[in-house]
Amino acid sequence: MTLKPPSFNSSRRSLLVGGAAAAVAPALFNLAQAQGATIKIGFPVPLTGAFSAEAQDQVRAAEIAVKEFNESGGFNGRKAELLVRDDKLNPGEAATRTLELIEKDKVDFVVGSLSAATQLSINAVCRDRKILFNSISQSDAINEAKDWSLYTFHEALNPHLTAGAVARYAFPKFGKKVVYLTADYAYGHEMVRGFQRAGQALGAQTLADIRHPLGAADYSAFLPRIQSLKPDILVLCNFGRDLVNSAKQATDFGLKANTKIIAPVLLYTARQAGGPEAFEGILGGTSYYWGMEDKIPAAKAFNDKFRKAYGGSVPSDYGALGYAGVRSVLQAVRDAKSTESLKVSIALRQLRYNWYKGEQFYRKCDHQSVQSVVIVESKSKNMKDKYDVFNVLAVEAANENNLRSCDELGHKIST
Amino acid sequence: MKNSIIALLLLARRQRVATVLLFLLVFPLLMPYDALSVNILIFGLYAVGFNLLFGYTGMLSFGHAAFLGVGGYLAGIAVVHGGWPWWAAIVSGVVASCLAGVVIGYLAIRTRGIYFSMVTLALAQIVYYAFYKADSWTGGENGLRGVRVERIELPGISIDFLNPLHKYYVIFAFVALALWVVSRILNSPFGAVIEAIRENEKRAVACGYDVARAKLLVFVLSAAICGLAGALRALHLSIVPIDSLHYLQSGQAVMMCLLGGMGTFFGPFVGAVVLLYLEDVVTNLTRYWMGTVGLVFMVFVLFFPKGIWGTLADRIERWLGRQGRSA
Amino acid sequence: MFDISPQLFALQLMTGIALGAVYALLAIGLSLIFGMLTVVNFAHGAFFMVGAFLGVYSLGLTGSFWFSLLLVPLATGAIGLLCERFLVRPLYGRGIDYPLLLTFGLSYVLVDAMRFSFGIEGLPTSTPPDLRGSVFLGFGHFPLYRLFLIAATAVIVLGLWLFIEKTRYGLIIRAGSRDPEIVRVLGIDISKVWWLVFGIGTAIAGLSGLLAAPTRAVNPEMGIPILAESFVVTVVGGMGSLPGAVVAGLLVGVVFAMTSLIAPEYAELSIFVLMAVVLLIRPQGFFGKAGLMS
């Protein structure tokens, strides 16, 4: 079969049309791409391991922030997208995941982490590649000049602030003789330091600072000594499971009879897992508790969004940080009218916000979010429902002076 | 056609270093992202070092993470606290892990069999605690941060180390060197001695070989290679995490060697590819990656004790034999 | 340095013994399995963890701690029997490393199996109501439950000793650990003996998990550190020796407790140093037989 050669005119026309289309197409394509190109936020958190419950709450709340942003028009029509990765609570894995997010997925920003060690390793990778990182878990080290960079932001509380707030509440109330049972790692030491600094001003006396190995299962070896010291206050400077364990065993050894037990951080999820008996009578600090909604309208608004999206359940403290961490970054994108990390960082530095618990802003020298600290006490009776686990005792207002000074952290300039 | 395949296989077998290197050269094209390829390269090297001791000499150490960690930390400390250039950092890492190998090896060699495994575990734990406590040098629980190498300056060229593919090839250069060294060792009379020790230690003694010295030497060589892997890892991740020294990391080396094939040259790399890729893929599919990896591992122990590469190499050998072309 | 009153010393000693009781039970299981089958059970800590989970679960189900004490070892023993029959047995004769490696993989599977069944958080535990409160021992208050722990361990160890020394089956076990060939020649199916011993070993591990559960948090990762600690005990006491396991278990518990008093952050380290020292000076441990494991 032979093809009839096209007539010259029609072939010329099709050539012209084809050529025109080919010329315009890339431009159209680029336009389409530019309009559609999502703003990618990498979200490395420990989905497996000891803190997976908290991490999953972080993801849930962060998704709300992304959805809000997209539904209110995004940025120049561009939508945001959360790329969640499991860092297994392991700094080496966190570094690898962050490299993957930056190099392969080409994320614009990174928000995440749920431990001091992982956030520092994520930060190391991000700052070398000039990608903005907003950390949503506790660390003192990340404020220090050594780890800091223009791209490093810290949405969460730090041990110094949390411990200080709890000390300022508890020491005047319960007594001056204090014993610390401290997890022997950086976080534990930072908590003790925070307590002691605040305590100094209040005349508190450290009877002993007993260090236990991180992740110790059995605290019975330390409790007889604590018993014999007869302190007014026993501070359990540890976290998560360590806290549950040590609280339980302290109760077993009858310490609650004469001593008030306090913890720097009382997590909503840890309390749910540990149960009412272990935590009976224990008070501590936290960044957020849903029960604040009676007094704080922003909390109610945030809680309702979460309830609506997740069938009535309430957000935890870490969940709220996930929400705020992402929302701040996206707001800064709009303020800076750009997705370049440098410009967004500058916008973030100017940001004043109230996403869920009150006024907050990032301090200039170390990008630490200046915020309130909530003091809660665990409930074991009169609980209205399964969510009602804490009484809010006090809220220490946001105050820059409660943080360590810029000089102390090694920052040369506080621009 | 068949003859050319046979010729190729024979050539590959004779030039095993070159074959492995060729594979590793194109490896990044097969992996979803470059950071994973680099991890596999590094852990492959770690497994090669471990394999020298376990696969070829028959000594099951459960404390090899100590050398990965020491290499990493000393390289990191050189950069962070000393401000030394990248090549000095790598040398420090290797030298330090050699020294650690001498000390731990000297103590451990005095025991045999299961006690050897237990002693290496205990000594490695002590190293772990020592580095954990020395937090002004090592960062303790938070790990050592700030191992920043942005450019590799060589006479004539300046390489952007932050570029993942460039980073891969720089690290590849070191791995190639190490593999060449291992191959030379295995092909030497010394290589024959250590395999003799694996097969029957008493007979090796009876033949007049200084078995204790040979064991110590291979232990130190193994430590040096694992130390190099650790040093490279520090440069790759810009951090040295404390669990580089944990016994679960030692367990990883064992797993990689078994999955890949102990006592084979290429086996450890195959094991590293399988384990790391599997973990990466499975992590994205299910949260039960630990159980899945454990299951796969058990299947291998039961049905493919020679590992993937070991079994494959075996089959190839037998096929070649049938073609009348063995040895 | 602060003053250690004799009361504090005595209290700390008791604490160490209670801690050591758990170690001793775990080490007995490990030693049994090793002495008899020459298998280093890397999944022993996982069985401990499974026992703790099943214990809390059965406590919630039946409400009776005493019933759980019966149920849990049977359950974990049964799992152990299945594992030996289908996973470990095929590997005998392949060299000592293979069963070890297999149990290593098994531990990973057991951890995720518990995560799958009970969630990632772990289960909250509390001391059984009958055993709450503390007892005044003359030198201080000591938790009643821990006294119970010490007593229970003593009873179990006694029972096991009677079983091994005084019963016919115990005789077979003793003979089999010394010379499996002869036992086979005498017409006894040694593989069945090994099967049951593995089951007994894992049952004891599960039981110690149940007993330890009220004193610590029950979560899927709890078996990992305790495995290392059990190895320390088994090495110090002598791999394959039951009296060694008991003595070493108590010793390690006391060493840990005493170090915690003086230099708490070195407590973990001290037991590994102990392990290293024993391995270098007397590798067979206090009670082990020399040359057992070359």
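Since the model is a prediction, treat every value here as computed from it, not as a measurement.

**Some thoughts on the overall build of chain B**
Looking only at helices and strands, chain B features 15 helices and four strands. Computed over its C-alpha atoms, the radius of gyration of chain B comes to 20 Å, within 12% of the 20 Å expected for a compact globule of 327 residues. When burial is assessed residue by residue, chain B has 53% of its 327 residues classed as buried. The contacts of chain B with a sequence gap of at least 6 include a subset with a gap of at least 24, amounting to 74%.

**A word on the nonpolar core**
Residues Y323 of chain A together with M275 of chain C are the most contacted members of the largest nonpolar core, which totals 348 residues. Broken down by element, the residue count for this core peaks at 19 residues, all from helix α1 (residues 6-37) of chain C. Of the residues that make up this core, three or more belong to each of domain 1 (39-157 + 291-371) and domain 2 (160-286) of chain A. In this structure, M275 of chain C is in contact with A122 of chain B together with V232, V235 and V236 of chain C, ignoring residues within four places of it in sequence.

**Overview of helix α6 (residues 168-178) of chain C**
Residues and elements named next belong to chain C. Every buried residue of α6 is accounted for by I173, G176 and S177. Viewed along the axis of α6, the buried residues span an arc of 95°, placing them on a single side of the element. Turned more than 90 degrees from where α6 packs its buried face, R168, L171 and R178 sit exposed. Close packing links the buried residues of α6 with α1, α5 (144-166), α7 (180-185) and α8 (190-212).

**Quick notes on the interface of chain B and chain A**
Between chain B and chain A, the contact holds 22 residues from the first and 26 residues from the second. Here the side of chain B that touches chain A takes three residues from helix α3 (residues 34-54) of chain B, the largest share from any one element. Looking at the side of chain B that touches chain A residue by residue, the classes come out as eight nonpolar, seven polar and seven charged.

**Regarding the pairing of strand β14 (residues 373-378) of chain A**
Successive residues of a regular strand alternate their side chains across the two faces of the sheet. Residue and element names in this part refer to chain A. Here β14 lies mainly inside the structure; five of its six residues are buried. Inspection of the sheet shows strand β10 (residues 283-286) paired to β14 by four bridges, in the antiparallel sense. Bridge pairing in β14 places G285 opposite I375. Judged from the six bridges that link them, β14 and strand β15 (residues 390-396) form a sheet pairing that is antiparallel. Looking across to β15, one finds that V374 is bridged to V395.

**Overview of the interface of chain B and chain C**
It is common to report an interface's size as the accessible area lost on association of the parts. Taken together, the contact between chain B and chain C spans 31 residues of the former and 34 residues of the latter. Ranked by residue count, the leading element in the side of chain B that touches chain C is helix α6 (residues 113-133) of chain B, at eleven residues. A per-class count over the side of chain B that touches chain C returns 23 nonpolar, six polar and two charged.

**Some details on the packing of helix α3 (residues 91-104) of chain A against α3 of chain B**
Their axes nearest at 8 Å, the elements α3 of chain A and α3 of chain B cross at an angle of 145°. For the pair formed by α3 of chain A and α3 of chain B, the contact residues are T96, L99, E100 and E103 of chain A on the first element and D34, A35 and N39 of chain B on the second. Its residues assigned to classes, the contact of α3 of chain A with α3 of chain B shows two nonpolar, two polar and three charged.

**Here we look at the environment of A165 of chain A**
Residue and element names in this part refer to chain A. Examined against the element boundaries, A165 turns out to sit in helix α5 (residues 159-174). A165 gets classed as buried once you count the C-beta atoms within 10 Å, which come to 27. In this structure the C-alpha to C-alpha distance between A165 and S372, which are 207 residues apart in sequence, comes to 9.2 Å. Discounting chain neighbours no more than four positions away, the residues touching A165 are G285, V373, I375, E396 and N402.

**Details of the sheet that holds strand β3 (residues 109-112) of chain A**
Backbone hydrogen bonds are what pair the strands of a sheet, in a parallel or an antiparallel way. Residues and elements named next belong to chain A. The sheet built from five strands is open, its strands ordered β2-β1-β3-β4-β5 with parallel pairing. If you trace the sheet from one side to the other, it starts and ends with β2 (80-86) and β5 (152-154), each paired once. Sheet twist, expressed as the mean angle between neighbouring strand axes with direction ignored, is 20°. For β3 and strand β4 (residues 132-135), the ladder comprises four bridges, and the chain directions are parallel. Residue V110 lies in a different strand from β4, and its bridge partner there is F133. Lying on the sheet, helix α2 (residues 52-71) is in contact with β1 (39-45) and β2; it crosses β2 at an angle near 165°.

**Focus on the confidence of the model for chain C**
Residues and elements named next belong to chain C. Averaged over chain C, the pLDDT score is 87; the fraction of residues at 70 or greater is 97%. The secondary structure element of chain C with the lowest average pLDDT is strand β1 (residues 134-136), at 80, and the one with the highest is helix α3 (residues 65-88), at 94. Note on the complex model: pTM 0.86, ipTM 0.87.

**Overview of the pairing of strand β9 (residues 260-265) of chain A**
All names here are of chain A. The buried fraction of β9 amounts to five of the six residues, a majority that puts the element mostly inside the structure. The pairing of strand β8 (residues 233-237) with β9 spans three bridges and is classified as parallel. Counted as the bridge partner of I233 is K260 from β9. What joins β8 to β9 is helix α8 (residues 240-252), and the crossover it makes is right-handed. Relative to β10, β9 runs parallel, the two sharing three bridges. In the strand pairing of β10, I262 is matched with L283.

**So, the sheet that holds strand β7 (residues 205-212) of chain A**
All names here are of chain A. With mixed pairing, seven strands are arranged side by side in an open sheet as β7-β6-β8-β9-β10-β14-β15. Strand pairing shows two members of the sheet lacking a second neighbour, β7 and β15, which therefore form its edges. Across the sheet, the axes of successive neighbouring strands diverge by a mean angle of 20°, strand direction being ignored. Against the sheet, helix α6 (residues 186-202) makes contact with β6 (177-183), β7, β8 and β9, and its axis sits at roughly 165° relative to β6, the strand it touches most. Of the strands in this sheet, β6, β8 and β9 are in contact with α8, which crosses β8 at around 150°.

**Description of the environment of L137 of chain C**
Residue and element names in this part refer to chain C. Residue position: L137 is located in the loop between β1 and β2 (141-143). Owing to 13 C-beta atoms within 10 Å, L137 belongs among the partly exposed residues under this scheme. Each C-alpha atom of the pair L137 and Q7 lies 9.8 Å from the other, and the pair is 130 residues apart in sequence.

**Remarks on unusual backbone geometry**
Although it is not a glycine, H367 of chain A sits at a positive phi angle of roughly 60°. In this fold, H367 of chain A is placed in the loop between β12 (360-362) and β13 (369-370). A count of 23 C-beta atoms within 10 Å places H367 of chain A in the buried class. Not every positive phi belongs to a glycine, and S238 of chain B is a case in point at roughly 65°.

Analysis parameters
- Residues numbered from 1 in each chain as written.
- Chains lettered and ligands numbered in written order.
- Predicted model: local features only at pLDDT ≥ 70, side-chain atom pairs only at ≥ 80, totals over all residues.
- Helix = DSSP H or I, 4+ residues; strand = E, 2+ residues; numbered from the N terminus.
- Rg over C-alpha atoms; globule rule 2.2 N^0.38 Å.
- Buried ≥ 20, exposed ≤ 12 C-beta atoms within 10 Å, placed from the backbone.
- Contact = placed C-beta atoms within 7 Å.
- Core = buried A, V, L, I, M, F, W, Y, C linked by C-beta atoms within 7 Å.
- Domains from an automatic or database assignment.
- Arc of directions from axis to C-beta.
- Nonpolar A, V, L, I, M, F, W, Y, C, P; charged D, E, K, R; others polar.
- Pairing = 2+ DSSP bridges.
- Axes fitted to C-alpha atoms, helices over the stretch in contact; angles between N-to-C directions.
- pLDDT = per-residue confidence, 0-100.
- Right-handed = clockwise from strand over helix to strand, strands pointing away.

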